[in-house]
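# Fold and geometry: a report
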Amino acid sequence: MRRPVTPFLRHSGTPSAVLLLAAIASAGATQAKSYPVDGIVVALDPAGRTILVSHRPIPKYMDAMTMPFRVENAIELQDLHPGVRIEFELVVSRSSSVARNIRKMAVADVEIPAPREKLGIRDMVPDFQLIDQQGHPVRFSEFRGRVAAVNFIYTRCPLPDVCPRLAANFALLQRRFTGRDLVLLSITVDPDYDTPAVLAEYAKRWAANYSVWRFLTGDVAKVAAEFGEVYWSDEGSIGHNSTTSIVGRDGRLAAIVEGSSYRVDQLSDLIARQLGEGSK
Amino acid sequence: MKYRLFSLVVLGLAGAIAAQLPKADNCTPPPSAIAPSLPAKLLPGMGVVHLAITTSNPEAQKFFDQGLAQMHSFWAREAERSFLQAAALDPDAPMPYWGIAMVAGGDWRPRFQIDLLNSAFGKQVPPAMARARAAAEKALELSKAPGKATDLEKMYIAAAAARRDANAKDGDDAFVKELRVLLAAHPDEVEAQLDLALMIMRGFSLPDRKPVAPGSMEAVQILRNLLEKAPDHPGVHHYVIHAFEGSTFAKDAWPSCKRYSELVTNIPHAIHMPGHIYSQTGRWDDAVKSFSGAAANEREWMKQDKLYGDGHHGHNVHYLATAYSFEGKYDEAVTAARELMAYKENPKQVASADLVTTAHAQGWFAMMRTLVQFEKWDAILDDHTLPAFGRARQDAWRHWARALSQANKGNVEAAREESRQFESTMLEFRNKTHRTDPDELKVARQELAGHLAVASGNRGQGLRLLEIASKSERRLTYTEPPYYPRPVAEVAGRVALKMNKPGVAERDFRAALQQYPADSHAVEGLHAALAQSGKPVVAGF
């Protein structure tokens, strides 16, 4: 089921979108009320001092949805980018609402520094070549004109809330965006073990449609660093952070979601925006 | 206090490292977080163990026996690989799954170690436990097929299943109960006796070295009997080492130390483990042989498997450096420490606010220990030899060592400045970890006060402070290798010698020797104390 999405940016200057107005009206109180919000930034409009957020249910206030919020303190927008997970207080009075005290949320128990090569939002993703699950060489530039979602997994990952969850999310995206210009790329961080044959088996497990979802192996170090993925050999396993990146049709990095605890709806919202479906 | 044969299990780190379990104990390589995926090979030097299982495939029996031998040397990862291979060769045989159920959870270890981990971190269920539980269920299921399991096998499987029951109040106790049922029916069953001994050994207390629970001595008795019945079983000798460690009769494990390393020549932990008993009992040279042999063996395994990890190697070589240091071999200790310092921490480790168990961190501590124990004051001040670490705990130690260095070189003001930096780094530690000062660094602070007093000309006060620090240090949780650089009594004895108080010095050096038998630094000091008092040296021993 598609989530409610409110207009944003194309209609910038209208932060008092219908749903928000309805919400404010429903507050119905003379005194401002405050609600904790946990969400992922879908887009930013610094000039309009507004963020579009795909948020989780706001207890005792509203269901999960994507909606714009006017920001009380514009400085708080400086460190944000599409894909970042935030929390803030939604302060709702009779006539207005603002997002106050916006904070980036930690996604891991230990904050791992990003690689020097990590791309910034709007950077052009350099072309790379890897091998897919059918053993075919794949160039990233082949997918120019389509929106790409890129994550990093390894097939031996034992932690159900990491790689299997990331793969399950992509499986849902594959279904949700059937027939759209979306390509899903899952790059292994264990290329020694994850040969094309192993990846083909893994792809089968997730019912991956080859035309939509490619599993890639090969010399992944450079591309992983560019997407901010850090991995290392550990005691009987491979340690890694989790980044999921959205690349626009123009080949530029549009969003980075860190961690694996995001909701697939939130990733869908980021992709839908790149596909131009954000205002539907 | 329970006797703790643990490698750098730092109880003060409970909050920070709970998530790393079982890595917190590097004395045995942890189980694989992921099921071994490459096939097993029949390997030399694993030790010969045989438990007849119901199988149609003789190769499956061979891999099962290999897995069992690896299990008895706590090599969970390879044991699981062998059991998986046996299961692949005979998918209908239940006992290979019993083997996986026994090892995959990473808790096949002496009960006193389980007790300590539970008391420090609460009961942890690592992700790998899911494999152990699934295997127990599979073994139970397969054993129900007609002709696929003997009554004895069914009893082994029932015991493992009881331990792996997620709803059990205490799976370890349930396991013990089932083993006793098995042994009531099959009293001569060697494997079950071994399993029981491991699961009831509760260790010995410090400083009186008394059994913590009746199981401590029951395990000893079981194993003494098995030494006669199964003298070539590697598990018997391995478990003797664990059951006797920390007791008043630890030396009784010497023959098993020798035999175990003869029976199992290709498993790092098997080669390493006798070194614990040797070091506890003052046989530092033999400890060095154990640790260096294990290091050479482990380097070969590390070359072959990029997921092998370096935690156990870090522990082993750290202990090697420690043994060299206590033995009085400075150059060798420094070389061992440098090997570990060359290892890099992974990004997550680097980002951790506090961590002591990485190979790099263990090497750094081994270097600091060696320099301090040998009083290499100039080397301590050399940034190349003892570089800043970049983590508060280690950097506090570094300022402490530098303060000692300056104090002992007579640079009182420089020592006070290092002392101030020690305190500011401790503040950083508290701020970053949200924990109080670690006990050993509290002792370090006490010891430093003694050095500063001595350097300021107040030798009497300094000696008193050092002896107070020594008492505190002896009350620290016992670990192997120790996480205090060296006995403070060594220092107090040297100060007493300088004050021409040979009686006090003799007492201090004997205290150090009681802590660490045959500690060469204390032996040398004791010689000097006896000479200063005019006593014949022979009287000291």
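Residues numbered from 1 in each chain as written. Chains lettered and ligands numbered in written order. Predicted model: local features only at pLDDT ≥ 70, side-chain atom pairs only at ≥ 80, totals over all residues. Heavy atoms only, no water.

## As for the overall build of chain A
Our working definition: Counting from the N terminus, the helices are the DSSP runs of H or I reaching at least four residues and the strands are the DSSP runs of E reaching at least two. Here the term buried applies to any residue with accessible area under 20% of the maximum for its type, exposed to any over 50%, and partly exposed to those in between, with areas from a 1.4 Å probe on protein chains only. Exposure was quantified through the Shrake-Rupley algorithm and a 1.4 Å probe, taking into account, for residues, occlusion by the shown protein chains and nothing else.
If you tally the helices and strands in chain A, you get five helices and 14 strands. A burial count over chain A gives 54% of its 280 residues as buried. Of the accessible surface of chain A, which amounts to about 12100 Å², a share of 51% is contributed by carbon and sulfur atoms.

## Thoughts on the overall build of chain B
Applied cut-off: In this treatment the radius of gyration is a C-alpha quantity, and the globule benchmark scales as 2.2 Å times the residue count to the 0.38 power.
Helix and strand counts for chain B come out as 27 helices and zero strands. For 541 residues, the compact-globule estimate of 2.2 N^0.38 gives 24 Å, and chain B sits close to it at 25 Å. Taken over the C-alpha atoms alone, chain B extends approximately 85 × 50 × 40 Å along its principal axes. When each of the 541 residues of chain B is scored for burial, the buried share is 61%. Looking at chain B as shown, the accessible area adds up to about 20000 Å², and 54% of this sits on carbon and sulfur atoms.

## Here's the deal with the interface of chain A and chain B
Quick reminder of the rule: Pairs of residues are marked as contacts when any of their non-hydrogen atoms sit within 4.5 Å. Defined in terms of a 1.4 Å probe, buried area is the accessible area two parts forfeit on being brought together, summed over both. Should a side-chain nitrogen of Lys or Arg be within 4 Å of a carboxyl oxygen of Asp or Glu, the pair is scored as a salt bridge. By the criterion applied in these results, polar contacts are pairs of N or O atoms within 3.5 Å in which, for protein atoms, one can donate a hydrogen and the other can accept it, and in which residues neighboring in sequence qualify only through two side-chain atoms. Just so you know the grouping, Ala, Val, Leu, Ile, Met, Phe, Trp, Tyr, Cys and Pro go in nonpolar, Asp, Glu, Lys and Arg go in charged, and all remaining residues, Gly too, go in polar.
Listed per partner, the contact involves 21 residues of chain A and 22 residues of chain B. The junction of chain A with chain B conceals about 1800 Å² of combined surface from both sides, 61% of it contributed by carbon and sulfur atoms. Taken as a group, Arg156, Glu235 and Gly236 of chain A account for 36% of the area that chain A buries against chain B, more than any other trio of residues on that side. Linking chain A to chain B there are two salt bridges. Inspection of the chain A/chain B interface yields one residue pair in polar contact (both at pLDDT 80 or more). Tallied by class, the residues present in the side of chain A that touches chain B amount to eleven nonpolar, three polar and seven charged.

## What to know about the sheet that holds strand β1 (residues 33-45) of chain A
Residues and elements named next belong to chain A. Applicable threshold: Note: two strands are recorded as paired if DSSP finds a minimum of 2 bridges between them. In this analysis, axes come from line fits to C-alpha atoms, helices being fitted only over the stretch in contact, and the angle between any two N-to-C directions falls in the range 0 to 180 degrees.
Spatial strand order, β3-β2-β1-β4-β5: five strands in an open sheet with antiparallel pairing. Because the sheet does not close on itself, it has two edges, and the strands there are β3 (65-70) and β5 (97-104). For this sheet, the mean angle separating the axes of adjacent strands, direction not counted, is 45°. Sheet strands in contact with helix α5 (residues 264-274) are β1, β2 (50-55) and β3, and its direction is about 40° off that of β1.

## Here we look at the sheet that holds strand β10 (residues 213-217) of chain A
Residues and elements named next belong to chain A. Read from one edge to the other, the open sheet built from seven strands follows the order β7-β6-β10-β9-β8-β13-β14, with strand pairing classed as mixed. Of all the strands in the sheet, just β7 (137-139) and β14 (253-258) have a single pairing partner and so form its edges. If you compare each strand with its neighbour and ignore which way they point, the axes differ by 30° on average. Taken together, the four bridges between strand β8 (residues 147-153) and strand β13 (residues 243-247) define a ladder with antiparallel strand orientation. Considered in β13, the bridge of Asn151 is made with Thr244. This element, helix α2 (residues 163-176), spans β8, β9 (182-188), β10 and β13 of the sheet and lies at about 160° to β8. On the sheet, α5 packs against β8, β9, β13 and β14 and is oriented at approximately 20° with respect to β13.

## Quick word on helix α9 (residues 190-200) of chain B
Across the eleven residues that make up α9 of chain B, a large majority, ten, are buried. For α9 of chain B, the full list of buried residues reads Glu191, Ala192, Gln193, Leu194, Asp195, Leu196, Ala197, Leu198, Met199 and Ile200 of chain B.

## Considerations on the nonpolar core
Our working rule: Among buried residues, the Ala, Val, Leu, Ile, Met, Phe, Trp, Tyr and Cys ones that are joined through side-chain atoms within 4.5 Å form a nonpolar core.
Counting residues in hydrophobic clusters, the biggest one holds 155 residues, and the most contacted among them are Phe64, Trp98, Trp108, Leu223, Met368, Trp397 and Trp400 of chain B. The element that contributes the greatest number of residues to this core is helix α19 (residues 359-373) of chain B, accounting for nine residues. In terms of nonpolar packing, the next biggest core, distinct from the first, is built from 61 residues, Val125, Leu253, Ile256 and Leu267 of chain A among them.

## Some words on the domain arrangement of chain A
Accessible area lost during the coming together of the parts is what is often quoted as the interface size. Residue and element names in this part refer to chain A. Put simply, the rule reads: What fixes the domain bounds is an automatic or database domain assignment.
Domains assigned within chain A are domain 1 (33-104) and domain 2 (129-275). On the side of domain 2, twelve residues touch domain 1, which itself brings 18 residues to the contact. The tally of links between domain 1 and domain 2 comes to zero salt bridges. At the junction of domain 1 with domain 2, the criterion picks out six residue pairs in polar contact (both at pLDDT 80 or more). Counting only elements with at least two residues in the side of domain 1 that touches domain 2, the list comes to β1 and β2. For the side of domain 1 that touches domain 2, the element with the highest residue contribution is β1, accounting for six residues. Across the side of domain 1 that touches domain 2, the residue classes break down as nine nonpolar, six polar and three charged.

## Quick notes on the packing of aromatic side chains
Remark: the centre distance and the inter-plane angle together describe each pair of aromatic rings, the angle taken between the planes. Residue and element names in this part refer to chain B. For clarity, the threshold we go by: Aromatic rings from Phe, Tyr and Trp, taking only the six-membered ring of Trp, are treated as a pair when their centres fall within 6.5 Å; an angle between ring planes under 30 degrees marks them as stacked, one over 60 as edge-to-face, and anything in between as tilted.
Scanning all chains against the criterion turns up 25 aromatic pairs over all chains. Geometrically, the ring pair formed by Trp75 and Trp301 is edge-to-face, given 5.0 Å between the ring centres and 70° between the ring planes. Separated by 226 residues along the polypeptide, Trp75 in the loop between α2 (58-72) and α3 (76-89) and Trp301 in helix α15 (residues 284-304) bring together distant segments of the chain. Using a relative accessible area of 12% as the deciding quantity, one classes Trp301 as buried. Taking the centre distance of 5.8 Å and the plane angle of 90° together, the rings of Phe204 and Phe249 count as edge-to-face.

## Description of the pattern of salt bridges
Per the counting criterion, the structure on display carries 58 salt bridges over all chains. The residue Arg263 of chain A makes a salt bridge to Asp265 of chain A at a minimum N-O spacing of 3.7 Å. In this structure, Asp115 of chain B engages Arg111 of chain B in a salt bridge whose closest nitrogen and oxygen atoms are separated by 3.8 Å. You can see Asp115 of chain B and its partner Arg111 of chain B sitting in helix α5 (residues 111-121), four residues apart, about one turn around the helix. The structure contains a network of salt bridges with shared partners spanning Arg283, Asp285, Asp286, Lys289, Glu327 and Lys329 of chain B.

## Brief notes about the confidence of the model for chain B
Residue and element names in this part refer to chain B. What counts is decided by this rule: pLDDT expresses, on a scale from 0 to 100, how confident the predictor is about each individual residue.
In this model, chain B carries a mean pLDDT of 92, and residues with pLDDT of at least 70 account for 93%. Below a pLDDT of 50 lies the segment residues 1-24, which in the model reaches 91 contacts outside its immediate sequence neighbourhood of four places, other chains included. In the predicted complex, the global pTM is 0.83; the interface-specific ipTM is 0.71.

## What to know about the side chain of Arg85 of chain A
All names here are of chain A. When you line up the elements, Arg85 lands in strand β4 (residues 85-92). Given the relative accessible area of 15%, Arg85 is considered buried. If we skip the residues at most four places from it in the chain, Arg85 touches Asp38, Gly39, Ile40, Arg56, Arg103, Lys104, Met105 and Ser261.

## Concerning the environment of Phe215 of chain A
Residues and elements named next belong to chain A. As for its placement among the helices and strands, Phe215 is situated in strand β10. For Phe215, a relative accessible area of 0% puts it in the buried group. Put simply, Phe215 and Val71 are 144 residues apart on the chain and 39 Å apart in space, counted from C-alpha to C-alpha.

## Quick word on the environment of Ala518 of chain B
All names here are of chain B. Structurally, Ala518 is set in the loop between α26 (502-515) and α27 (520-532). Residue class for Ala518 comes out partly exposed when judged on its relative accessible area of 37%. Residues Ala518 and Gly282, spaced 236 residues apart in sequence, show a C-alpha to C-alpha distance of 4.8 Å. Once residues within four sequence positions are removed from consideration, Ala518 is found in contact with Gly282, Trp284, Phe326, Leu513 and Val523.

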